[in-house]
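So you can see what is in the structure, the chains are spelled out below.
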Amino acid sequence: MKISIFGLGYVGTVCAACMAERGHEVIGCDVSESKVALINAGQSPIIEKDIGELVAAKVAAGSLRATASTEEAIMGSDLSLLCVGTPSRPNGSLDLSAVEAVARQIGAVLATKDSYHSVVIRSTVLPGTLADLVVPALEEASGKKLGVAFGVASNPEFMREGSAVADFNNPAKTVIGAEDETTRKRLLELYDGLPGQTIVTEPRLAELVKYTDNTWHALKVAFGNEIGNVCKAAGVDSHELMKVFFADTKLNISSAYLLPGFAFGGSCLPKDVRAINAYAVQHDVEAPLLKSLMPSNKQQIERALQWVLGHGKRNVGFLGFSFKAGTDDLRESPYLELIERLLGKGCDIRIFDQNVSLAKLVGANRAYLMNAIPHVTQLMVPSVDDVVKHADILVATSRSPEYEAVVEKMRPDQVLLDMARLPNIERVAGTYDGINW
């Protein structure tokens, strides 16, 4: 199939490369000239396991390319996937300006296109976005009618940063919310052969299912952390306790997201929890548990702040600060917030994260970093050794191999505060403490 993908961030880049790998002809489209240039040079604009090699191979094979031209993308494809960002507004509701802008740009091109085109929303949007925003924008800009010149669908993604390629190729489910037969058939063909259940449904349900998933994931993180806080106070090993909890696979479902640790962050969970709460308020739905998720998450950051400050040492070193190991995504990273709070308390901080390179950061990542904590560039150091040399307190944020090796380099007077439960803590030379164990 000939596919165009609008938005070359995490979702768009992974979808583009994986669909090219599955034999489709893919055109990526983005307003960022730097992202377009990177793709066309066979380089990935994101840090993600396996994606760099996949992009390079598919560009070299001629099945993947990128452009900044909407006209080129639409005229060169039969189906478009919209993977643009849907960030939070200050009140928690979604900013759909990018979705609407792309829909209007596509509509303007469809005005001159003779063949039937399918427009599919892959971005995470709330129920009614397709019917109330995307379709009117397409019809107004094209002068054509839904079901006659074009079709639409909701096709949410369920990929996790750090394992997105594997998740694309091995989905638990594929959800297709389409009302016109042509678009439905095209999407079924697009994902034909993938494992997991394929669910064909109506668009509003498809739009809401991702929020249901992500709100549940956010709930599990907060629940695990609150239980972990109680365990810490009671002198109980929270991970051992949760192993017992996990033994009930009939009622407790799964262990994913439940191991106690630090706050959730990233571009999905915080945004989606805020959005579904705003949606509930707009529809006069009382949702006290959902409303409690963000305050609970914030409390975990506050608790970590007091935990670090409670040791009475000023020099702090962070081993990683992206929201999740194996990615360079800094958007709503709870570690960034913790760093900012510690700076405000007079701490002298150094940071090492091999996945984060300011020279390579583009788009939302760079904008978020510069807006949230612009002087972070002065805190970053080029090696783990630089962090160890500086710090009285080391904060481990993930199980990356280079962080596991830190225990071998510590001095007896140093403190290691572990948010990731490093596997080799028995060899720590200094003082060790886990956030919830």
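Note that the coordinates shown come from a computational prediction; the quantities given were computed from them, not determined experimentally. (Residues numbered from 1 in each chain as written. Predicted model: local features only at pLDDT ≥ 70, side-chain atom pairs only at ≥ 80, totals over all residues. Heavy atoms only, no water.)

## Observations regarding the sheet that holds strand β9 (residues 315-319)
The five strands lie next to each other as β10-β9-β11-β12-β13, forming an open sheet whose pairing is parallel. Edge positions in the sheet fall to β10 (348-352) and β13 (431-434), since each has one partner strand and no second. Along the sheet, successive strands turn relative to each other by an average axial angle of 20°, direction set aside. Here β9 runs beside strand β11 (residues 393-396); their pairing, made up of four bridges, is parallel. What sits directly across from F318, in β11, is V395. Where helix α12 (residues 288-309) meets the sheet, its contacts fall on β9, β11, β12 (415-418) and β13, and the angle it forms with β12 comes to roughly 170°. (Pairing = 2+ DSSP bridges. Helix = DSSP H or I, 4+ residues; strand = E, 2+ residues; numbered from the N terminus. Axes fitted to C-alpha atoms, helices over the stretch in contact; angles between N-to-C directions. Contact = heavy atoms within 4.5 Å.)

## Some remarks on the UniProt feature "active site" (unreviewed entry) in the protein chain
The residues that UniProt annotates with the feature "active site" (unreviewed entry) are C268. You can see C268 is positioned in the loop between α10 (238-246) and α11 (269-282). (UniProt positions renumbered as here; feature names shortened; annotations may be inferred.)

## Observations regarding the side chain of T70
Note that T70 resides in helix α4 (residues 70-75). Excluding residues that lie within four positions of it along the chain, T70 makes contacts with F6, C29, Q105, I106 and V109.

## Comments concerning the environment of S44
For S44, the location among the structural elements is in the loop between α2 (33-40) and α3 (51-61). Accessibility expressed as a relative area gives 18% for S44, which makes it buried. Taking the C-alpha atoms as reference points, S44 and L146, 102 residues apart in sequence, are found 35 Å from one another. A distance of 2.9 Å separates a polar atom in the side chain of S44 from the backbone oxygen of I46. (Buried < 20%, exposed > 50% of the residue type's maximum accessible area, 1.4 Å probe, protein only. Polar contact = N/O pair within 3.5 Å; in protein donor to acceptor, adjacent residues only side chain to side chain.)

## Points about the nonpolar core
Within the largest apolar cluster, 36 residues are counted, with the highest numbers of intra-cluster contacts made by I5, V14, M19, L64, L81 and L187. By residue number, the principal contributor to this core is helix α1 (residues 10-21), which donates eight residues. In this view, I5 contacts G12, C15, A16, M19, V26, I27, G28, C29, L81 and C83; residues no more than four positions away in its chain are not counted. If you look at the next biggest cluster of nonpolar residues, it comprises 32 residues, including I74, L94, A103 and Y211. (Core = buried A, V, L, I, M, F, W, Y, C linked by side-chain atoms within 4.5 Å.)

## Brief notes about the packing of aromatic side chains
One pass over the full model with this rule turns up three aromatic pairs. Note on F223 and F245: the rings are 6.0 Å apart at their centroids and 45° apart in plane angle, and the pair reads as tilted. Residue F223 is located in helix α9 (residues 203-234), and its partner F245 is located in helix α10; the two are separated by 22 residues in the primary sequence. For F245, a relative accessible area of 25% puts it in the partly exposed group. Ring centres 6.2 Å apart and planes at 65° place the aromatic pair F245 and F246 in the edge-to-face group. A relative accessible area of 19% places F246 in the buried class. Three or more aromatic residues joined by ring pairs form one cluster here, namely F223, F245 and F246. The ring of F158 carries the charged tip of K173 above its face, separated from the ring centre by 4.3 Å. (Phe/Tyr/Trp six-rings, centres within 6.5 Å; stacked < 30°, edge-to-face > 60°. Lys NZ or Arg CZ within 6 Å of the ring centre and 35° of its normal.)

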